[in-house]
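Here is what each chain is made of, one letter per residue.
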Amino acid sequence: MATLSVKPGQRFTVPDWHTNSHLISADAERQRSASHQVRQEARSLRNETNNQAKWDEHDNHTRLTERIGSVNRWKETLDKCLADIDVEIDALAKVKEAAECALQAKNLPLDVSIECLTLRESRHAIDLVRDPVGEELHKEVKVIDKAKRELQQRVHEAFEQLCLLQEARQQLSCDHRCKMEALEIDRMCLSLSVNSPNISFKVNPTRIPDGSTAPDEWERNSQCNKEHAETEMKASTELREATLLTIAQTNNELEAQRVATEFALRKRIRDLDRAYDELKWQEQNTLEEITEMEEDIRRLEEDLRRKMQDLKVAHTRLETRTYRPNMELCRDQVQYGLTDEVHQLEGMIRALKQKLAESQDALDALCRQLHRIQTDIGYKANSLLLDNKCLDSRRKLVVPTEKFVPELDTFNRTTNRALSPPKSRQLELA
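None of the values given here were measured: they were computed from a predicted structure.

**Describing the overall build of the protein**
Within the protein one finds seven helices and zero strands. Shown N-terminal to C-terminal, the secondary structure of the protein runs as helices and strands in the order α-α-α-α-α-α-α. Expressed as a percentage of the 430 residues in the protein, the buried residues total 27%. Expressed as a percentage of contacts within the protein between residues at least 6 apart in sequence, the contacts between residues at least 24 apart total 86%. Surface summary for the protein: the accessible area is close to 30,600 Å², and the carbon and sulfur share equals 55%.

**Observations regarding the confidence of the model for the protein**
For the protein, the mean per-residue pLDDT works out to 77, and 74% of the residues sit at or above 70. With pLDDT under 50 throughout, residues 123-129 is counted as low confidence; its partners more than four residues away or in other chains account for six contacts.

**Description of the side chain of His 176**
With respect to the helices and strands, His 176 occurs in helix H3 (residues 132-191). Each residue touching His 176, except ones within four places of it in the same chain, is listed here: Lys 75, Leu 78, Asp 79 and Leu 82.

**Quick look at the pattern of salt bridges**
Scanning the entire structure with this criterion turns up 19 salt bridges. We note a salt bridge from Glu 157 to Arg 154, for which the minimum N-O separation is 3.0 Å. Residue Glu 157 and its partner Arg 154 are both found in helix H3; the two are separated by three residues, about one turn of the helix. Classification of Arg 154 as partly exposed rests on a relative accessible area of 23%. Several salt bridges converge on common partners, so that one network encompasses Glu 295, Asp 296, Arg 298, Arg 299 and Glu 302.

**Some details on unusual backbone geometry**
Positioned with a positive phi, Asn 204 is a non-glycine residue whose angle comes to about 50°. Secondary-structure assignment places Asn 204 in the loop between H3 and helix H4 (215-251).

**Describing the packing of aromatic side chains**
Taken as a whole and assessed by the stated rule, the structure comprises zero aromatic pairs. A cation over an aromatic ring shows up here: Arg 67 above the ring of Trp 218, its NZ or CZ 3.9 Å from the ring centre.

**Quick word on the environment of Met 233**
Here Met 233 shows up in helix H4. By relative accessible area, Met 233 is classed as buried at 13%. Along the primary structure Met 233 and Ile 89 are separated by 144 residues, whereas in three dimensions their C-alpha atoms are 8.4 Å apart. Beyond its immediate chain neighbours, meaning those up to four positions away, Met 233 contacts Cys 81, Asp 84, Ile 85, Glu 88 and Leu 165.

**What to know about a nonpolar patch on the surface**
On the surface, a cluster of nonpolar side chains totalling about 260 Å² of accessible area is made up of Met 188, Leu 192 and Ile 199. With respect to the element layout, Ile 199 can be found in the loop between H3 and H4. Taking the relative accessible area as the measure of exposure, Ile 199 reaches 45% and is therefore partly exposed.

Criteria and thresholds
- Residues numbered from 1 in each chain as written.
- Predicted model: local features only at pLDDT ≥ 70, side-chain atom pairs only at ≥ 80, totals over all residues.
- Heavy atoms only, no water.
- Helix = DSSP H or I, 4+ residues; strand = E, 2+ residues; numbered from the N terminus.
- Buried < 20%, exposed > 50% of the residue type's maximum accessible area, 1.4 Å probe, protein only.
- Contact = heavy atoms within 4.5 Å.
- Areas by Shrake-Rupley, 256 points an atom, 1.4 Å probe, with all protein chains shown as cover.
- pLDDT = per-residue confidence, 0-100.
- Salt bridge = Lys/Arg side-chain N within 4 Å of Asp/Glu carboxyl O.
- Phe/Tyr/Trp six-rings, centres within 6.5 Å; stacked < 30°, edge-to-face > 60°.
- Lys NZ or Arg CZ within 6 Å of the ring centre and 35° of its normal.
- Patch = residues over 30% accessible without salt bridge, like charges linked within 9 Å, V, L, I, M, F, W, Y side chains within 5 Å.

Dropping the structure here:
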């Protein structure tokens, strides 16, 4: 009879076998129930988060669309305002040119009056009398003088108003450019999706950027720019009407300025020369300061770029060290040192940016001042030219007509011409 080679193992009873089967079945039922509960909760959470994310994305999509609409409406308003102010600038420039032409047109009757008075000084004996003709000629000179002062004042006011219009237009143009950039950014944001390239996590994206404004402040800024432009356009319209009225009144007059003496005219030229030299000196110094400021700004920008690169290195080091395994993820001195370095670099960058902004503001102020100086230089150069031409035109009062060869003056006066025939009234008075 064969025997077993191995000792038989423990034997269980049939009830034990049934009990074990029941336990396994019960555990399986319990695990399946728990798994079912987890699955249901997971499905509920998925549905809830998906719905919430979709609604949030839809709401922000709607908000972006509405914001784009608001900015676009203001852009269109600014477009119209810019077009209106350009039309007004052109209209005022034409009226200013008309006033300058009217001012120029007063030179011919002024020359005739002066030539007449000079010729009448050649009378002899009893004919050298203060008759009504002479009185009318002197009155004509005074009336023309008054008309020229009024026209020159209108030209000056038109020039100042053009400067104000240009300033208002600059504000509108700046606001318009900002809104164009904002529209481009918001439209790009509106087009972003989970499939868009170059999307990534950002550091502290929920921060409030420096210089942020409230919606009412944003609205008020554009409204103020628009109202300022409309105010300047209204003032320009009134000035144009007043200038046109002045031109119409002065066109009916026959007199212009001829009271200033040779001494006053030469003194004015000397004053203009001194002022011109002073402004040229100021211009040179301002240009030198602008050059130095631009160089300092370039250096600041280079330092800022270097600090940004250093900050990227520190950020990368900190981020890379977060992948150290297990207990190696230690807040060691390197961690504290890198954190301090990041804070120091951020402070440096803020300080550099602030100083860069201050330097840029100073440079802008210098450029504006340079523009003012150059504008004033142009004005004074023009005044010098006009006064020197006036000085040349006075030579015909003392130089014989056949030897006098006047230079072309600013107002394109007719030179070496025959005297205009006297009016009928002058004949009657004579």
